[in-house]
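# An overview of the molecular structure
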Amino acid sequence: MKNRPLSARPGVSYKIRPGKRDRYGNVQLCKLAAKTGEGLKPSSSAAEEGEIQQNPGFEAVLVEDGVCVVVLNAGQKLTFTGKCSLTCLYGSVQVFGFTIYQDQTTCELFSPNTQSPLTIEGLMNKRTSKTRKEIRMEARALLRGHLPLDARRTLMQSFKSSSSILLLERLEDTMTSYILSHPDFSTVFSSKAKEKSSTLLDNLVLHSVGIENCDPECGIKISEKCLVAVKEIIHACLEEDNGCPVILVCGPKNVGKSTFNRYLINQLLNHISCVGYLDCDLGQTEFTPPGCVSLLSITKPVLGPPYTHQREAYKMVYFGETSCEQDMERFIESVKYVMTSYKREEPLIINTMGWVKGFGLLLLIDLIRLLSPSHIVQILAKGGDVMEPLTPKYLQHSPGFLTKGTSRTKSKDSEFESSDEERQEHLHSIRTPTDQHLFTVETDFIGAGETSRVRCHSGLLRDLSMLGYLSKLQQFDLEQIVPLNCLLPYEVPFKRVALRIVHSEVAPSHIMYSINASWIGLCRILDDISSEGDGPIILKQTPVCDCLGFGIVRGVNMENKVYHILTPVPPESLRLVNCLLIGNISIPHSVLKNQLGIKGEIPYVTSEYDFTISGAGKMKINKQLKRREHKK
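Keep in mind that this is a model prediction, so the values were computed, not measured.

Note that soluble globular proteins tend to have their nonpolar side chains buried in a common cluster. Counting residues in hydrophobic clusters, the biggest one holds 116 residues, and the most contacted among them are Leu109, Ile120, Leu168, Trp519, Tyr563 and Leu580. In terms of residue count, the dominant contributor to this core is helix H13 (residues 458–470) (seven residues). When neighbours within four sequence positions are excluded, isoleucine 120 is seen to be in contact with Leu72, Gln76, Lys77, Leu78, Phe80, Leu86, Val93, Gln94, Val95, Leu109 and Leu166. Leu248, Leu282, Val293 and Leu367 belong to the second-largest nonpolar core, a separate cluster that totals 37 residues.

Below is the structure:
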């Protein structure tokens, strides 16, 4: 006789136990045990009874398809993969350092399998003069609008004065719908755990919401030294004895710099309304597509990876490369240009690259001298490559790429010569004392400092960030995702914009081959770009200028002398654009391969082009794609 597949019933309370690891280290799906109604009963074996006592589960009730109510006691954790929206109905919980209280707005949580899973942790409620009976009556009243009487009674059996009640709902948004519409990334928010037998009631309540329970041990870990550094930085931000702190975070690749930055942002937003963020990591930008130096003011918690929170920058320069190794001077100029917009009315977090060897270390020393941070957080991998502590004494005597080390404090105006006097005066006004506070932090998570053991290749993360940005082109119709080749582009006359290829020298006769089907920065320069003819205007030097957004050159019409450009930048900003910068950032291959409704050759992918022409080339196959990130 075949077993019938089980399903969770609305209004029935289920006990959810955290997922365990099998003998191979793989995370197992959690098991649910129905407390009322139909369903499986917990096993009576001594082993399982002991397991339940050591790691008691939390209650979850399915309200309807896509909506459930969860009760978490203080200290209990729900570690999950997937995406959902969270509303705290009663009490408080913490997610990645951000505390969510009742009556706050709904938070969107993104926990894809490209990153370590997020954890929702119940917090101890503040002491109150209310009696236990009054607290329970208040909790029942909050549940009355969500659950029927029988379900409320069952759920309240596990409720304590220190419990928190959460409403989890399925999250459907344009950004993730657009990313998931590409076959290469269709499983980004799906669990990699193998499917279990249908005879077990596995994770069905949470499945309905769009998440899967995981072992709390596989969630994001913040070391004790990191927590100490965060605590001291928060104290400095609240005291403001020496003005708003400027915190520079540095270290080698894959040691947790981005994780630390997100956690610090979330912790700061528990106390202040906004946090400044200067992103100097060209390859792994946090809030913009790759290849940018940007300054942002962050007012909302960061509860997901970069591609889930692409935001508009306050000031941005499109550098056009994922590394500054070939043009370090222009990189320094770009940072200086962006930094002039920092008004020092909020704490500033500076994100740096993982290039800290050779010229990379010299460049980092130059950045520290230029930006004069009040706090330096130096993150290292435990047992990894030795990096000299960036103490004030070391920074004073060590040479940089553009500056010299001295035994006395030099004028920074002489170290960084610039013809722009106003910019130099502004840089002087935002400098902080030279005696920086240094926090040296060691991380010991599995694979720390080893780029070969990252959860997702950096190139794929860059593609995802670009897809997150391009999702803004979609209309707010989640049922129908429109491929980019079906969208109506803007027509931009040749004579209205200047062109510049920033990463290589291209002959003028080949410029149009290079710009076609390219990712471009939509920029604004102050120079006059008027031209007597109607041909393309080509700049001889790469300008350091404002970038207002990005787009894709859909095509070039040589007959009408116009570029066809797709971009989500609003028309009022597009009117200011007079320069197109083409860098070494490629359109994600998944976009080119996802052109629906095409018969025969796919535009920009298959063609009769002569690949010996400069700027043309065959699409490279990412051999890591199926082996790691997209293996089901």
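A few words now on the environment of phenylalanine 58. Considering the arrangement of structural elements, one finds phenylalanine 58 in strand S3 (residues 58–64). For the pair phenylalanine 58 and phenylalanine 159, spaced 101 residues apart in sequence, the C-alpha to C-alpha distance is 9.8 Å.

What follows deals with unusual backbone geometry. The backbone of serine 372 shows a phi angle near 45°, a positive value even though the residue is not glycine. Position of serine 372 relative to the elements: it lies in the loop between helix H9 (359–371) and strand S17 (375–381). Judged by its relative accessible area of 4%, serine 372 falls in the buried class. Backbone geometry places lysine 561, a non-glycine residue, at a positive phi of 60°. Structurally, lysine 561 is set in the loop between strand S23 (546–557) and strand S24 (562–566).

Read across the open sheet, the seven strands follow the order S15-S14-S13-S16-S12-S17-S18; overall the sheet is mixed. Unpaired on one side and paired on the other, strand S15 (315–318) and strand S18 (437–443) mark the two borders of the sheet. In this sheet, neighbouring strand axes are inclined to one another by 15° on average, regardless of whether the strands run parallel or antiparallel. Together, strand S12 (246–250), strand S13 (275–279), strand S16 (348–351) and S17 form the strand contacts of H9, whose direction differs from that of S12 by roughly 175°.

Cut-offs applied
- Residues numbered from 1 in each chain as written.
- Predicted model: local features only at pLDDT ≥ 70, side-chain atom pairs only at ≥ 80, totals over all residues.
- Heavy atoms only, no water.
- Core = buried A, V, L, I, M, F, W, Y, C linked by side-chain atoms within 4.5 Å.
- Buried < 20%, exposed > 50% of the residue type's maximum accessible area, 1.4 Å probe, protein only.
- Helix = DSSP H or I, 4+ residues; strand = E, 2+ residues; numbered from the N terminus.
- Contact = heavy atoms within 4.5 Å.
- Pairing = 2+ DSSP bridges.
- Axes fitted to C-alpha atoms, helices over the stretch in contact; angles between N-to-C directions.

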